[in-house]
Amino acid sequence: SQQGEEDPQALSIQEGENATMNCSYKTSINNLQWYRQNSGRGLVHLILIRSNEREKHSGRLRVTLDTSKKSSSLLITASRAADTASYFCATDAWSSASKIIFGSGTRLSIRP
Amino acid sequence: DVKVTQSSRYLVKRTGEKVFLECVQDMDHENMFWYRQDPGLGLRLIYFSYDVKMKEKGDIPEGYSVSREKKERFSLILESASTNQTSMYLCASSPLAGTGKQPQHFGDGTRLSIL
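Residues numbered from 1 in each chain as written. Chains lettered and ligands numbered in written order. Predicted model: local features only at pLDDT ≥ 70, side-chain atom pairs only at ≥ 80, totals over all residues. Heavy atoms only, no water.

Chemist: Just give me the short version of the overall build of chain B, but keep the residues and values in it.
Modeler: Secondary structure assignment for chain B yields zero helices and eleven strands. If you list the helices and strands of chain B from N to C, you get β-β-β-β-β-β-β-β-β-β-β. In summary, chain B has a C-alpha radius of gyration of 13 Å against a globular reference of 13 Å for 115 residues, a match within 12%. Reported as C-alpha extents along the three principal axes, the dimensions of chain B are approximately 45 × 30 × 25 Å. A separation of at least 24 residues holds for 55% of the contacts in chain B among residues at least 6 apart in sequence. Total accessible area on chain B stands at roughly 5600 Å², and carbon and sulfur atoms take up 50% of it. On chain B, the mean spot of the 16 positive side-chain charges and the mean spot of the 15 negative ones are 4 Å from each other. (Helix = DSSP H or I, 4+ residues; strand = E, 2+ residues; numbered from the N terminus. Rg over C-alpha atoms; globule rule 2.2 N^0.38 Å. Contact = heavy atoms within 4.5 Å. Areas by Shrake-Rupley, 256 points an atom, 1.4 Å probe, with all protein chains shown as cover. Lys, Arg positive; Asp, Glu negative; His and termini not counted. Charge placed at Lys NZ, Arg CZ, Asp CG, Glu CD.)

Chemist: Please set out the interface of chain B and chain A residue by residue, giving values where relevant.
Modeler: Of the residues lining the interface, 23 residues belong to chain B; the matching set on chain A comes to 24 residues. Summed over both partners, the interface of chain B with chain A comes to about 1900 Å²; 50% of that surface belongs to carbon and sulfur atoms. Where chain B packs against chain A, one counts one salt bridge. Here B:D108 makes a salt bridge to A:R41, at a shortest N to O gap of 3.0 Å. Here chain B and chain A share five residue pairs in polar contact (both at pLDDT 80 or more) between them. Looking at the side of chain B that touches chain A, the elements that each hand over two or more residues are β4 (31-38), β5 (42-49) and β9 (87-94) of chain B. Split into classes, the residues belonging to the side of chain B that touches chain A amount to eleven nonpolar, eight polar and four charged. (Buried area = accessible area lost by both parts, 1.4 Å probe. Salt bridge = Lys/Arg side-chain N within 4 Å of Asp/Glu carboxyl O. Polar contact = N/O pair within 3.5 Å; in protein donor to acceptor, adjacent residues only side chain to side chain. Nonpolar A, V, L, I, M, F, W, Y, C, P; charged D, E, K, R; others polar.)

Chemist: Now, about the state of the cysteines: what can you tell me, with residues and values included?
Modeler: Residues and elements named next belong to chain A. Within the structure shown, the criterion is met by two disulfides over all chains. The side chain of C23 participates in a disulfide bridge whose partner is C89; the two sulfur atoms lie 2.0 Å from each other. Residues C23 and C89 are joined through a disulfide that is right-handed, its torsion about the S-S bond being 65°. With C23 in strand β3 (residues 19-24) and C89 in strand β9 (residues 85-92), this residue pair connects regions lying 66 residues apart in the sequence. Each of the two residues, C23 as well as C89, counts as buried. (Disulfide = S-S within 2.5 Å. Buried < 20%, exposed > 50% of the residue type's maximum accessible area, 1.4 Å probe, protein only.)

Chemist: Give me the lowdown on empty space enclosed by the protein, citing residues and values where you can.
Modeler: What the rule picks out here adds up to one cavity of 30 Å³ or more. Within this model, the largest cavity holds a volume of roughly 30 Å³. Contributions of two or more residues to the lining of the largest cavity are made by β10 (100-102) of chain A together with β5 of chain B. Residue classes in the lining of the largest cavity are distributed as six nonpolar, no polar and two charged. (1 Å grid on protein atoms, 1.4 Å probe; cavity = no way out; pocket = protein on both sides within 12 Å on 5 of 7 lines; lining within 4 Å. Points joined across faces, edges and corners; volume = space filled by probe spheres on them.)

Chemist: Could you give an account of the nonpolar core, naming the residues involved and the relevant values?
Modeler: A:L32, A:W34, A:L74, A:I76, A:Y87 and A:L108 are the most contacted members of the largest nonpolar core, which totals 21 residues. Within the residue set of this core, elements represented by two or more residues are β3, β4 (31-37), β5 (43-50), β7 (61-66), β8 (71-76), β9 and β11 (106-111) of chain A. The residues contacting A:Y87, other than those within four sequence positions of it, are A:E6, A:M21, A:Y35, A:R36, A:L46, A:L74, A:I76, A:G105, A:T106 and A:L108. Grouped together as the second largest cluster of nonpolar side chains are 20 residues, B:L11, B:M32, B:W34 and B:F74 included. (Core = buried A, V, L, I, M, F, W, Y, C linked by side-chain atoms within 4.5 Å.)

Structure (structure tokens):
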């Protein structure tokens, strides 16, 4: 049961440009998280935004949340080669206190 | 820093074998999770555990079982491995949720091939 869907599935941009990834979900949430996965590695937590928050920043990352549209976006500014990775959104599940549901991810490639 | 360690990065087994994947975390987290990751399907939850000897089925528990005898260790067991269980397996842990869901911390994964 997939809750979050990322868009686009793949994104290729020039180093220095901004990258925007979107996530849409189906049911009400308490919070939404974004994770990064480098090739062949586990996921790393980037940022968590609660349902009563509209925007959150962490370094070069900016996350927005629109609960009326059931969508979130992750903006990476001034991209670097090291940002090349897959990015996943994850939303909590009302049925369980700890369980979260991941989307299928956006593959981001940064061209030098 | 939280460290989640999976016992093997790569594993090759034969159809019908019983396979054990081990995961250990060092941050005294209550919750532990097993996911499998397949291209185009994202991460799918197999099982999770919120306490020692406690477990809950995830979205795709068929063909798998788990064991949590100690708080720091969560094992995934493939009772009789089949080729459709060839996948990347990821273990994660998190503290108790509290008022909001806590971030999960992941191991580097085990790429399992069933021949």
